[in-house]
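A look at the structure
Listed below, chain by chain, are the residues.
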Amino acid sequence: MEPSSRLERFTDIIKSPTDHRDYAMVTLSNGLRCALVHDPEAQQSTAALAVAAGHFQDPLENQGLAHFLEHMLFLGTEKYPDATAYQDFIHQHGGHHNAWTGTEYSSYYCSVDASSFAETLDRFSRFFYQPTFNPEWIAKEVNAIESEFQLKRKDELRRLYQVHKTTANPAHPFSKFSVGNFNTLTANGDTTGLDQHMRSYFSTWYRANRMTLVLAGPQPLDVLETFANDYFQAIPGNGPTVTPEQAPLYLPEQTGVQLHVRPLKDARRLILAFALPSIDKDYPYKTTSFIAHLLGYEGPGSLYAELHHANLINSLAAGGGISGSNFKDFNLNMQLTEYGLQHTDRIIAEVFSAIDRIKNEGLEDWRYKERQVAIANAFRFQEPARTADLAPQLAINMHHYEPHDLIFGDYRMDQLNVSKARELLNCMRADNLRATLIHRQVEVDQHEPIYGTDYQLRPFSEAQRELWQSAKATPIELPAPNPYLHPLRPPLALSEPVSRDPQQHQICDGLTLWHLQDPDFRAPKAHIYCQFTLPNVTASATHYASARLWCELMIDRLNEDCYDAEIAGLHFNVYPQHYGITLHISGYSQGIVELGRDLLERMQTTRFNDSRFADIKQKLYVNWQSALANKPLNLLFARLNVLLQPHMYALSDLAEALSHITRTGFDDWQQQLFAEVELKLFAHGDLTKETLRPLTDCAQQTFSMQANLQANMPATRDLAELKSSGKLETRGQLQTRHTDHAAMLVIQGSDTSVLQQTCMLLLNQFIQPHLFNELRTRQQLGYLVGSTYMPIEQRPHLLMYVQSSNSKAPQLCKAIEEFRVNFLQQFDERIEDELTQVKRHLIRKLREPDTNLRLRSQRLWSTISPTDVSFDRLEKMAQQLEANTTSFFIKQLAEILARIGHQGYITASPKEL
């Protein structure tokens with residue numbers, strides 16, 4: 001197929017050596033800039049369109065209009081007027097879709113089977129030049145926006161974000177309310193005029209010259225170019241030029257200020273935000289990223305280390321903050337200790353001292369070159385993203401980077417821009433600072449009406465300013481040369497014979513090594529999982545709470561010593577699970593075994609000081625106690641795991657147990673932690689069995705291991721037994737501190753056979769869009785509606801759920817039950833064509849190759865972690881789908897939906913006061 005009209009292509013696009021895709025860029029005659037991505041390995045094709053219009057363009061009288069427009073675009077076009085036609089088509093062709101609205105940009109994207117891409121583009125492209133804006137859906141989608149708003153009313157980040165907006169320059173569009181709700185979109189419920197405002201917004205801003213498009217898939221570049229011409233040329237151009245905002249983000253009286261914010265949950269946080277000019281044009285130098293590296297460094301002698309050792313902070317992150325076409329907030333975000341909460345001025349003085357040290361001594365070329373090496377390694381050996389995930393990112397990149405930097409722009413670091421660094425560091429002064437203190441006991445005198453947050457804004461006092469200038473701050477150490485940073489060697493030669501499945505090696509009783517030198521992802525990277533089966537972790541809620549505390553203390557203790565390794569691309573995490581404790585190490589294969597050996601030794605020998613023990617115990621306790629204010633659906637998923645998996649404990653039970661744990665009791669427990677231990681290692685990537693010997697030798701020398709501990713632990717609980725015992729009802733009806741209600745129908749598979757897993761997975765794929773269309777789109781029960789497939793120790797479960805701000809849990813249960821019964825009545829030949837399509841797409845999905853090493857490691861580890869190891873389970877499921885007729889599966893799925901004994905509801909409702 002030849003393009004309908006050959007356009008001038010740009011192909012000089014910098015890409016990673018690991019990137020197998022081909023790229024080109026063209027500009028259509030209407031001004032639409034298009035990136036074309038040929039991925040011969042992709043089985044799906046993706047379209048992503050980003051428009052330079054967001055909530056900054058909202059009219060003052062209709063704040064949230066851009067977000068509302070995003071919703072309405074999906075609900076019918078002139079050629080395809082049915083409100084669910086687009087979603088149904090995407091689902092029927094094995095795809096997914098989504099969209100988001102930001103400050104200055106909005107994004108739309110979809111992925112489908114490659115063979116259906118042209119038909120999809122015929123539907124997708126019409127959003128942008130012939131939407132119907134069907135009047136009968138306007139009121140319904142206003143309710144959907146209201147539901148989304150209510151869903152996030154208790155979200156701490158949203159509440160803080162809105163206070164930020166309220167205390168910014170009212171003449172800057174950042175001050176507008178971005179989400180929208182019933183009040184901002186209607187006049188006391190009257191939607192008159194909303195239609196016209198929406199059409200005016202659309203016709204003004206949704207213009208081709210303000211858009212970027214990415215078409216990606218297995219199709220050749222010529223075909224993708226033809227698609228761009230054929231389907232997107234009809235979008236009108238000649239829209240307003242994209243220009244930076246003119247009004248300053250802050251008025252003079254809005255900087256040099258202390259902002260107090262009262263959260264709903266217990267929190268102790270200090271955010272120091274310095275107002276900087278826009279950094280968009282600095283992307284080739286990444287100056288703010290370099291400064292963030294120096295200020296946020298966590299190695300010995302750093303700002304973080306000094307504040308941490310003084311028991312003032314638990315964490316520090318540098319460099320975040322809002323940014324836009326004419327502004328950038330450079331944030332230092334710190335979690336405070338109880339002691340630090342009383343000494344925030346001392347912390348700020350230390351920060352100013354660190355900034356001065358960097359300004360005077362830190363702007364050295366060798367430091368920047370170290371960052372260049374780290375970023376160059378990350379680019380050279382980047383793990384390929386799925387094309388479906390890459391496309392939306394590239395659509396946004398096209399708005400910010402030169403064409404040749406479409407991909408490389410995120411990594412480009414040309415040289416140290418000393419003058420820019422000094423300019424930005426000179427902005428980091430008291431009169432340009434907004435210091436936000438977040439705690440439930442801060443003084444407040446104002447009320448933000450949209451999310452209901454109490455706050456106070458006042459200028460810094462002269463006493464504070466004098467203290468910061470005169471305080472004798474601890475001199476921080478700037479980072480020394482990083483011993484882990486060096487150019488990486490090529491991958492090791494493959495062992496013979498080449499295997500695609502991990503091989504099991506019994507090192508000794510109680511120590512098993514699973515190893516795979518990956519034959520496909522040939523980069524110097526690896527993952528090592530160490531699973532400790534420990535009865536002293538799982539024996540009771542007190543034991544498990546002690547293990548959670550121990551893991552947090554270990555991370556806290558080791559972060560400083562391992563920070564150089566972290567910067568160089570070696571990462572670790574340690575966490576408890578229902579067998580015991582897992583250590584995960586990932587990153588470049590050079591140094592990963594040495595780091596793993598060091599961490600194994602420290603697990604036996606590390607002890608913790610009293611202040612860190614007390615503070616982290618308090619932090620955990622507060623988090624667990626406040627969990628009932630979390631999103632109800634999250635609580636239901638967590639509670640379901642507790643109900644179905646032995647040795648899992650509810651957060652409320654863990655909080656109660658933690659409150660009784662003393663330092664002496666914890667020390668006694670820690671002494672016995674590894675008294676009984678079985679260890680399973682999984683090493684995957686650029687590692688040979690020989691290179692792993694120091695790790696396995698260390699494990700044998702460090703731990704006294706026993707065999708078969710994991711095999712003796714129960715796997716999962718039977719739902720029918722939970723129902724008959726009353727535990728499902730007593731423990732499955734949560735009283736929360738959230739205003740929303742939620743309900744979840746749990747359907748448990750009868751066994752762990754491949755056939756049962758296949759049927760449950762197929763049922764989930766089939767039922768998802770029908771559940772969403774009925775309960776979310778038509779009945780408008782809530783913003784969060786869906787289904788998911790969840791295997792626990794290979795036993796399959798299907799979950800159907802709704803979270804609602806306007807319907808109570810019993811009504812939600814009733815609605816789900818009515819849907820189940822009505823849906824079951826349709827299980828006959830009427831659904832055969834649709835189910836056949838879903839089967840075909842599911843077969844393709846089950847056989848999709850892993851995109852990168854990380855995803856393959858996660859998949860293989862999820863197979864190895866249980867006792868029942870089967871690497872070809874996905875293939876066996878695909879074979880089951882091929883071997884059986886659609887009529888066979890209609891009967892099987894109907895039986896599952898009708899099997900009442902293995903079904904049950906769990907709910908979450910606001911606690912009655």
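If you're wondering where the values come from, they're calculated on a predicted model, not measured in any experiment.

**Quick look at the environment of L406**
Secondary-structure assignment places L406 in the loop between α14 (387–397) and α15 (418–426). Using a relative accessible area of 2% as the deciding quantity, one classes L406 as buried. Spatially, the C-alpha atom of L406 lies 22 Å from that of Q233, the residues being 173 residues apart in sequence. Beyond its immediate stretch of four places on either side in the chain, L406 contacts I13, M25, A35, L394, N397, M398 and Y401.

**Description of the packing of helix α28 (residues 754–778) against helix α33 (residues 886–898)**
Contact geometry for α28 and α33: axes closest at 10 Å, N-to-C directions at 85 degrees. The pairing of α28 with α33 is recorded here as roughly perpendicular in orientation. Residues L755, Q756, T758, C759, M760, L762, L763 and I767 of α28 touch α33, and the partners they reach there are F888, F889, Q892, L893, I896 and L897. Per-class residue counts for the contact of α28 with α33 are 11 nonpolar, three polar and no charged.

**Here's the deal with the sheet that holds strand β16 (residues 511–517)**
Across the sheet, six strands lie side by side as β15-β16-β20-β17-β19-β18; this open sheet has mixed pairing. Of all the strands in the sheet, just β15 (503–508) and β18 (570–576) have a single pairing partner and so form its edges. When strand polarity is set aside, the average angle formed by the axes of neighbouring strands in this sheet is 15 degrees. Taken together, the nine bridges between strand β17 (residues 525–533) and strand β19 (residues 580–588) define a ladder with antiparallel strand orientation. Counted as the bridge partner of Y529 is H584 from β19. Against the sheet, helix α18 (residues 541–558) touches β18 and β19, its axis set at about 160 degrees to β18.

**Remarks on the side chain of Q254**
On the secondary structure map, Q254 appears in the loop between α8 (221–232) and β7 (257–261). Taking the relative accessible area as the measure of exposure, Q254 reaches 8% and is therefore buried. A distance of 2.8 Å separates a polar atom in the side chain of Q254 from the backbone nitrogen of L251. Once you skip the residues sitting within four places of it in the chain, Q254 turns out to touch T167, A168, N169, P170, L249 and R434.

**Notes on the state of the cysteines**
This structure, assessed with the given rule, holds zero disulfides. The thiol of C110 is unpaired, and the distance to the nearest cysteine sulfur, on C34, comes to 14 Å.

**Notes on the packing of aromatic side chains**
A full pass over the atoms with the stated rule returns 47 aromatic pairs. Aromatic side chains F124 and F232 sit 6.4 Å apart centroid to centroid with 65 degrees between the ring planes, which places their arrangement in the edge-to-face category. With F124 in helix α3 (residues 117–124) and F232 in helix α8, this residue pair connects regions lying 108 residues apart in the sequence. One aromatic cluster in this structure is built from F74, Y86, Y108, F124, F127, F128, F133, Y201, F202, Y206 and F232. In this arrangement the basic side chain of R663 is found over the ring face of F613, its NZ or CZ atom lying 5.1 Å from the centre.

Calculation rules
- Residues numbered from 1 in each chain as written.
- Predicted model: local features only at pLDDT ≥ 70, side-chain atom pairs only at ≥ 80, totals over all residues.
- Heavy atoms only, no water.
- Helix = DSSP H or I, 4+ residues; strand = E, 2+ residues; numbered from the N terminus.
- Buried < 20%, exposed > 50% of the residue type's maximum accessible area, 1.4 Å probe, protein only.
- Contact = heavy atoms within 4.5 Å.
- Axes fitted to C-alpha atoms, helices over the stretch in contact; angles between N-to-C directions.
- Parallel < 35°, antiparallel > 145°, perpendicular 65-115°, else oblique.
- Nonpolar A, V, L, I, M, F, W, Y, C, P; charged D, E, K, R; others polar.
- Pairing = 2+ DSSP bridges.
- Polar contact = N/O pair within 3.5 Å; in protein donor to acceptor, adjacent residues only side chain to side chain.
- Disulfide = S-S within 2.5 Å.
- Phe/Tyr/Trp six-rings, centres within 6.5 Å; stacked < 30°, edge-to-face > 60°.
- Lys NZ or Arg CZ within 6 Å of the ring centre and 35° of its normal.

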